Structures are given as structure tokens and as C-alpha cells.
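Listed below, chain by chain, are the residues.
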Amino acid sequence: MNCTDFLAKLTDYFDGEIEPELLAEVKEHLGTCSHCDVVVNTTRKTIDVYRGHQPYEFPDELSDRLRKAIMDRCVKSGVYPEVEKSADPQPR
Ligand SMILES: [Zn+2]
């Protein structure tokens, strides 16, 4: 599992709707990727705040922001290769 796979399962992870096998992979990734680990801890605290006020929903905007933040950090640290610039609009 890499950061992209992890992020695809992030909402399932927080919803508690995740297969035991996938949960094991998620935890393994968290053990090897400090970026995702930090994001999970931060997100969990945020969710706790949300839950204190109203029924919990995982906002699309939050999910998108998290994805970008993680990918940015992982790319910069070399944990995960940059893939979104595969198409160069100006070859020369
Ligand atoms: Zn990661």
C-alpha cells in the first residue's frame, strides 16, 4: 500500500467500514509513513470536535484538502514519486 492507496481508504477507515485485511494494510502503511500518520492523528482530533457538536459527516472538501496535503508532503520527501506531471504541456 502506498499513499494513494491509503488515501483511497481513508474515509472508510474513519467510518469504520473497512475490511480487516485492508485495515491491517492501512496500519502497516501508517507505521512506515509519518506523513499519513500525522494526517490520521490530526483528522481524528478534528472528527472528535465535529462529533461533539453535530452528527458526523466526512466533508468532501476536507477529504480533498487532506489528499493534496499528503501528496504534496510525500512527493517532496521522496516517499512517493510525483505522478501528476506526466503530461508536459510544453515539450520545448
Ligand atoms: Zn503515506
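This text gives an overview of the structure that appears in the document. (Residues numbered from 1 in each chain as written. Predicted model: local features only at pLDDT ≥ 70, side-chain atom pairs only at ≥ 80, totals over all residues. Heavy atoms only, no water.)

### Things to note about the pattern of salt bridges
- By the definition in use, this model includes three salt bridges.
- Between Glu61 and Arg65 there is a salt bridge, with its nearest N and O atoms 3.9 Å apart. Of the two residues, Glu61 and Arg65 both sit in helix H5 (residues 60–77), four residues apart, roughly one turn of that helix. With respect to burial, Glu61 and Arg65 carry one shared label: exposed.
- Because the salt bridges share partners, they merge into one network encompassing Asp64, Arg67 and Lys68. (Salt bridge = Lys/Arg side-chain N within 4 Å of Asp/Glu carboxyl O. Helix = DSSP H or I, 4+ residues; strand = E, 2+ residues; numbered from the N terminus. Buried < 20%, exposed > 50% of the residue type's maximum accessible area, 1.4 Å probe, protein only.)

### Observations concerning the coordination of the zinc ion
- Taken together, the protein donors to the zinc ion comprise Cys3 (SG), His29 (NE2), Cys33 (SG) and Cys36 (SG), at separations of 2.1 to 2.4 Å.
- One can describe the site at the zinc ion as tetrahedral: its four donor atoms subtend angles covering 101 to 118 degrees at the metal.
- For the zinc ion, the single-chain donor residues occur in sequence as C-x25-H-x3-C-x2-C. With Cys3 in helix H1 (residues 3–8) and Cys36 in helix H4 (residues 34–53), this residue pair connects regions lying 33 residues apart in the sequence. (Donors = N, O, S within 2.8 Å, 3.2 Å for Na, K, Ca; no water. Tetrahedral: all angles 85-135°; square planar, octahedral: opposite > 155°, others 65-115°.)

### Structural notes on helix H3 (residues 20–32)
- Helix length check: H3 (13 residues) gives 19 Å between terminal C-alpha atoms against 18 Å at 1.5 Å per residue, within 8%.
- Considered for burial, the residues of H3 that qualify are Val26, His29 and Leu30. Take H3 and look down its axis: the buried residues cluster within an arc of 100 degrees, on one side only. In H3, those exposed residues whose orientation departs by more than 90 degrees from the buried face are Pro20, Glu21, Lys27, Glu28, Gly31 and Thr32. (Expected span 1.5 Å × (residues − 1). Arc of directions from axis to C-beta.)

### What about H5?
- The terminal C-alpha atoms of H5 lie 26 Å apart, and with 18 residues this matches the ideal 26 Å at 1.5 Å per residue to within 8%.
- For H5, the set of buried residues is Leu62, Leu66, Ile70, Met71 and Cys74. For H5, the arc enclosing every buried residue in end-on projection is 155 degrees, short of the 170-degree limit, so these residues lie on one face. Across H5 from its buried face, at more than 90 degrees, point the exposed residues Asp60, Glu61, Arg65 and Lys76.
- Backbone geometry just downstream of H5 places Gly78 in the positive-phi region, at approximately 80 degrees.

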